[in-house]
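The residues making up each chain are set out below.
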Amino acid sequence: MSDLRASWLERIGGASDEATLEEVRVAALGKKGEVSLKMRELGKMTPEERQTAGPALNALKDELNAALGARKASLADAALEERLKSEWLDMSLSPRPVRAGTIHPISQVTEEVTAIFADMGFAVAEGPQIETDWYNFDALNIPGHHPARAEMDTFYMSRKEGDNRPPHVLRTHTSPVQIRSLEASGAPTRIICPGRVYRADYDQTHTPMFHQIEGLAIDSDISMANLKWVLEEFFTAYFGTKVNTRFRASHFPFTEPSAEVDIQCSWVDGQVRVGEGDGWLEVLGSGMVHPNVLRAAGVDPDEWQGFAFGMGIDRIAMLKYGIPDLRAFFDSDLRWLRNYGFASLDMPTVHGGMSGAA
Ligand code: PHE
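Residues numbered from 1 in each chain as written. Predicted model: local features only at pLDDT ≥ 70, side-chain atom pairs only at ≥ 80, totals over all residues. Heavy atoms only, no water.

Participant: What am I meant to see in the overall build of the chain here?
Facilitator: Summing up its helical and strand segments, the chain has 11 helices and 10 strands in all. Across its three principal directions, the C-alpha atoms of the chain cover 130 × 60 × 40 Å. Here the analysis covers contacts within the chain between residues at least 6 apart in sequence; of these, 63% occur between residues at least 24 apart. For the chain, the accessible surface area stands at approximately 19,800 Å², while carbon and sulfur atoms represent 52% of it. Counting 36 positive and 51 negative side-chain charges, the chain places the centres of these two groups 10 Å from one another. (Helix = DSSP H or I, 4+ residues; strand = E, 2+ residues; numbered from the N terminus. Contact = heavy atoms within 4.5 Å. Areas by Shrake-Rupley, 256 points an atom, 1.4 Å probe, with all protein chains shown as cover. Lys, Arg positive; Asp, Glu negative; His and termini not counted. Charge placed at Lys NZ, Arg CZ, Asp CG, Glu CD.)

Participant: Would you explain the environment of Thr132 in this entry?
Facilitator: Of note, Thr132 is situated in strand E2 (residues 130-132). On the basis of relative accessibility, which here comes to 26%, the residue Thr132 falls in the partly exposed class. When the C-alpha positions of Thr132 and Pro167 are compared, they lie 6.8 Å apart, and in sequence the two are 35 residues distant. (Buried < 20%, exposed > 50% of the residue type's maximum accessible area, 1.4 Å probe, protein only.)

Participant: So what exactly am I meant to see when it comes to the nonpolar core here?
Facilitator: In summary, soluble globular proteins display a tendency toward joint burial of nonpolar side chains. With 39 residues, the main nonpolar core has Phe117, Phe234, Phe235, Ile263, Phe307, Met311 and Ile316 as its most contacted residues. Elements that contribute at least two residues to this core include exactly helix H5 (105-119), strand E5 (209-219), helix H9 (224-239), strand E7 (255-268), strand E9 (279-289), strand E10 (305-312) and helix H11 (313-321). When neighbours within four sequence positions are excluded, Phe235 is seen to be in contact with Gly240, Thr241, Val243, Thr245, Ile263, Val283, Leu284, Met311 and Ile316. Phe137, Leu216, Phe252 and Leu294 belong to the second largest nonpolar core, which has 25 residues in total. (Core = buried A, V, L, I, M, F, W, Y, C linked by side-chain atoms within 4.5 Å.)

Participant: What's the story with the packing of aromatic side chains in this structure? I'm lost.
Facilitator: Aromatic ring pairs are reported here in terms of the distance separating the ring centres and the angle at which the planes meet. Evaluated as defined, the whole model comprises 9 aromatic pairs. When the ring of Tyr238 is compared with that of Phe239, the centres are 4.7 Å apart and the planes differ by 80°; the resulting orientation is edge-to-face. The same class applies to Tyr238 as to Phe239, namely buried. Centre to centre, the rings of Phe252 and Phe254 are 5.7 Å apart; their planes meet at 25°, and the pair counts as stacked. For the pair Phe252 and Phe254, one class covers both residues: buried. Taken together through their ring pairs, the aromatic side chains of Phe117, Phe122, Phe234, Phe235, Tyr238, Phe239, Phe307 and Phe309 make up a single cluster. If you follow Arg180 out to its NZ or CZ, it ends over the ring of Tyr135, 3.9 Å from the centre. The aromatic ring of Tyr238 is capped on one face by Lys320, whose charged end is 4.4 Å from the ring centroid. (Phe/Tyr/Trp six-rings, centres within 6.5 Å; stacked < 30°, edge-to-face > 60°. Lys NZ or Arg CZ within 6 Å of the ring centre and 35° of its normal.)

Participant: Any chance you could explain the packing of H9 against H11 here in plain terms?
Facilitator: The description of two helices packed together rests on the angle between their axes and the distance between the axes. Relative orientation of the contacting elements H9 and H11 amounts to 45°, with a least axis distance of 11 Å. If you check the angle between H9 and H11, you find them oblique. Residues Phe234, Phe235, Tyr238 and Phe239 of H9 form the contact with H11, whose participating residues are Ile316, Ala317, Leu319 and Lys320. (Axes fitted to C-alpha atoms, helices over the stretch in contact; angles between N-to-C directions. Parallel < 35°, antiparallel > 145°, perpendicular 65-115°, else oblique.)

Participant: Is there a simple way to explain the pairing of E5 in this structure?
Facilitator: Successive residues of a regular strand alternate their side chains across the two faces of the sheet. Burial runs high along E5: 9 of the 11 residues are buried. Both strand E4 (residues 189-198) and E5 contribute to a ladder of 10 bridges, which runs antiparallel. Directly across from Pro194, in E5, lies its bridge partner Ile213. (Pairing = 2+ DSSP bridges.)

Participant: I keep staring at the site of the ligand and nothing clicks. Help me out?
Facilitator: The immediate surroundings of the ligand are formed by 14 residues, with His173, Ser175, Arg199, Gln212 and Gly310 found nearest. One of the side-chain N or O atoms of His173 is found 2.9 Å from a nitrogen atom in the ligand. Within the side chain of Gln212, an N or O atom sits 3.0 Å from an oxygen atom of the ligand. Summarising the interface, the protein chains cover 91% of the accessible area of the ligand, which totals 320 Å² for the free molecule. When contributions to the shell around the ligand are tallied by element, the ones reaching two or more residues are E5, E9 and E10. Broken down by class, the residue content of the shell around the ligand amounts to 4 nonpolar, 8 polar and 2 charged. (Near = heavy atom within 4 Å. Polar contact = N/O pair within 3.5 Å; in protein donor to acceptor, adjacent residues only side chain to side chain. Nonpolar A, V, L, I, M, F, W, Y, C, P; charged D, E, K, R; others polar.)

Participant: Is there a simple way to explain the pairing of strand E6 (residues 245-252) in this structure?
Facilitator: Bridging between E6 and E7 involves 7 bridges; their strand directions are antiparallel. By the bridge assignment for E7, Phe247 is matched with Val261. Linking two consecutive strands that pair antiparallel, namely E6 and E7, is a turn of 2 residues.

Participant: Can you help me understand the side chain of Ser258 in this one?
Facilitator: Inspection of the secondary structure puts Ser258 in strand E7. On the basis of relative accessible area, Ser258 is assigned to the buried category, the value being 6%. At a separation of 3.2 Å, a polar atom in the side chain of Ser258 contacts the main-chain amide nitrogen of Phe252. What Ser258 contacts, discounting residues up to four positions off in sequence, is Arg248, Ala249, Ser250, His251, Phe252, Ser286 and Gly287.

Here is the structure:
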């Protein structure tokens with residue numbers, strides 16, 4: 001019996017992995033294991049023999065079970081130890097820098113402009129980028145034969161052979177939103193409409209898609225004087241410095257009278273400085289909304305009047321942030337944006353002045 005004990009304890013202690021240990025367990029204590037067979041022989045013994053062999057075998061069985069458990073635990077510990085040694089992580093290694101995104105300057109400027117006009121009571125309106133030629137042209141007093149249609153380098157959507165309806169266009173300006181929002185809410189109204197517009201044109205100062213912001217104020221007695229005040233108030237808040245404007249007589253089919261508006265600036269070392277000097281830079285078209293436009297939108301021109309303007313967002317973003325080439329906005333490589341440190345919360349307001357946007 002003591003030989004039996006010594007030999008099994010030795011085999012348990014010598015098992016070098018869990019699979020071998022399991023084989024040892026089956027060979028000793030399994031159904032046909034050596035120790036189990038010995039216990040079965042108890043029945044053939046005399047009562048006297050059984051009295052000593054029984055408890056001894058039971059004790060042996062318990063001891064072997066305990067030894068198996070202990071060996072199993074120490075093999076698991078050793079395996080873990082081995083893994084920890086081979087798979088170590090160096091927690092002292094400094095992390096790779098995570099690239100933080102920045103907001104696109106067009107988005108930021110759109111937010112800035114919207115916040116300034118919101119302070120003056122203008123709500124935001126939007127319209128579709130694929131327009132009918134009614135909204136893009138006819139309703140804005142640009143009839144079919146008008147040269148403005150050709151001048152605007154319009155992208156036309158193609159129609160199926162035999163479909164003779166007038167084509168849809170990619171809107172060439174945000175002015176159609178004037179009509180849509182007057183139709184929806186009538187007069188009086190005060191809205192701005194920021195959004196994408198499209199013209200077939202591409203060079204340093206033109207991209208086929210660009211951004212405009214339309215303004216529209218209609219009431220019983222709105223005048224050009226209100227337009228001038230609103231624009232100067234806007235530019236002063238936007239550029240963070242007093243900006244004078246110059247109105248030049250112009251022509252748009254949808255306004256009468258019409259004016260192109262310049263802002264005061266100077267050029268120093270090839271860089272534009274807004275709000276100083278005696279140079280002028282054109283930034284928008286504007287005028288008093290033409291009675292035909294009001295009528296097309298279902299508003300009575302004998303009762304209501306007001307101004308409209310359309311401004312290039314890309315242009316004023318370039319001016320504020322000193323970006324020289326319009327195409328930079330739409331390049332796929334936007335690493336240059338980091339130079340300008342755009343953040344989403346730099347919001348100037350009319351009455352609070354610039355809040356850290358410079
Ligand atoms: N829609 C004109 C353009 O794109 C700008 C404009 C808007 C002019 C409103 C007058 C009034 O050039």
